[in-house]
Amino acid sequence: QVQLVESGGGLVQAGGPLRLSCAASGRTISTYGMGWFRQAPGKERDIVAAISWSGGSTYYTGSVKGRCTISRDNAKNTVYLQMDSLKPEDTAVYYCAADRVGRLRTSREGYDYWGQGTQVTVSS
């Protein structure tokens, strides 16, 4: 069993940066594919970014391309999401997810473990 805990969320002004962290415990996630998702009120939970187990492949949804960077430190059992030039429409609860298969997975289906989420609020 893997437990995921997100941190780093908060209130930030538009244009500012934020770095989210996802710390895993229970077992190593070095062979897991990892993803960041977000869910705004009344909307579906959508992919933001994903990274393969090796870090060699990444995916970004169109609205965050060029503004976000997903990375992982397998030695620390942690995944990060660096977000720059934040916009009010980035406001959402951000969730970390882990996929045991290790692939670059861009849909919710197939992720085996989820964190509780961290709130990101971007003020205009």
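Above this text sits the structure in question.
Residues numbered from 1 in each chain as written. Predicted model: local features only at pLDDT ≥ 70, side-chain atom pairs only at ≥ 80, totals over all residues. Heavy atoms only, no water.

Colleague: Looking at this model, I keep getting lost on the side chain of D90. Mind explaining?
Modeller: Turning to its location among the elements, D90 is positioned in the loop between β8 (78–83) and β9 (92–99). A relative accessible area of 2% places D90 in the buried class. Among the polar contacts listed, one links the side chain of D90 to the side chain of R38, at a separation of 2.9 Å. When near neighbours in sequence (up to four residues on either side) are disregarded, D90 contacts R38, R67, V120 and V122. (Helix = DSSP H or I, 4+ residues; strand = E, 2+ residues; numbered from the N terminus. Buried < 20%, exposed > 50% of the residue type's maximum accessible area, 1.4 Å probe, protein only. Polar contact = N/O pair within 3.5 Å; in protein donor to acceptor, adjacent residues only side chain to side chain. Contact = heavy atoms within 4.5 Å.)

Colleague: How should I be thinking about the sheet that holds strand β7 (residues 68–73) in this particular structure?
Modeller: Two pairing modes exist for strands in a sheet, parallel and antiparallel, and in both the strands are linked by backbone hydrogen bonds. As summarised here, the arrangement of the 4 strands in space is β1-β3-β8-β7, forming an open sheet in which the pairing is antiparallel. Bordering the open sheet on either side are β1 (3–7) and β7, each of which pairs with just one other strand. Strand after strand, the sheet turns through a mean of 15° between neighbouring axes, direction not considered. (Pairing = 2+ DSSP bridges. Axes fitted to C-alpha atoms, helices over the stretch in contact; angles between N-to-C directions.)

Colleague: What should I look at first to understand the pairing of β8 in this one?
Modeller: Counting buried positions along β8 gives 5 out of 6 residues, so the element sits mostly inside the fold. Strand direction decides the pairing type here: strand β3 (residues 18–25) and β8, joined by 6 bridges, are antiparallel. Note that in β8 the partner of R19 across the bridge is Q82. Between the end of β7 and the start of β8, which pair antiparallel, lie 4 residues, with N77 showing a positive phi angle near 55°.

Colleague: Any chance you could explain the pattern of salt bridges here in plain terms?
Modeller: Two side chains of opposite charge can pair, provided their charged atoms sit close to one another. For the structure on display, the rule yields 5 salt bridges. Of the charged contacts, one joins R38 and D90 as a salt bridge, the two residues approaching to 2.9 Å between their closest N and O atoms. With R38 in strand β4 (residues 33–39) and D90 in the loop between β8 and β9, the pair connects residues that are 52 residues apart, well separated along the chain. Take R38 and D90: they sit in the same class, and that class is buried. Close ionic contact of R105 with D99 constitutes a salt bridge, the shortest N to O distance being 3.1 Å. Across the pair, D99 and R105 agree in class, each one buried. (Salt bridge = Lys/Arg side-chain N within 4 Å of Asp/Glu carboxyl O.)

Colleague: Hey, could you run me through the nonpolar core in this one?
Modeller: One broad trend across soluble globular proteins is that nonpolar side chains are buried collectively. Judged by nonpolar contacts, the single largest core of 29 residues is most densely connected at L4, M34, W36, L81, M83 and Y94. Of all the secondary structure elements, the ones that give two or more residues to this core are β3, β4, β5 (45–51), β7, β8, β9 and β11 (118–123). The next biggest cluster of nonpolar side chains, apart from the first, holds 5 residues, and it includes F37, I47, A50 and Y111. (Core = buried A, V, L, I, M, F, W, Y, C linked by side-chain atoms within 4.5 Å.)

Colleague: Which parts of the structure should I look at to understand the state of the cysteines?
Modeller: Chemically, a disulfide is nothing more than a covalent bond linking the sulfur atoms of two cysteines. Under the criterion given, the structure shown has 1 disulfide. The thiol of C68 is unpaired, and the distance to the nearest cysteine sulfur, on C96, comes to 14 Å. (Disulfide = S-S within 2.5 Å.)

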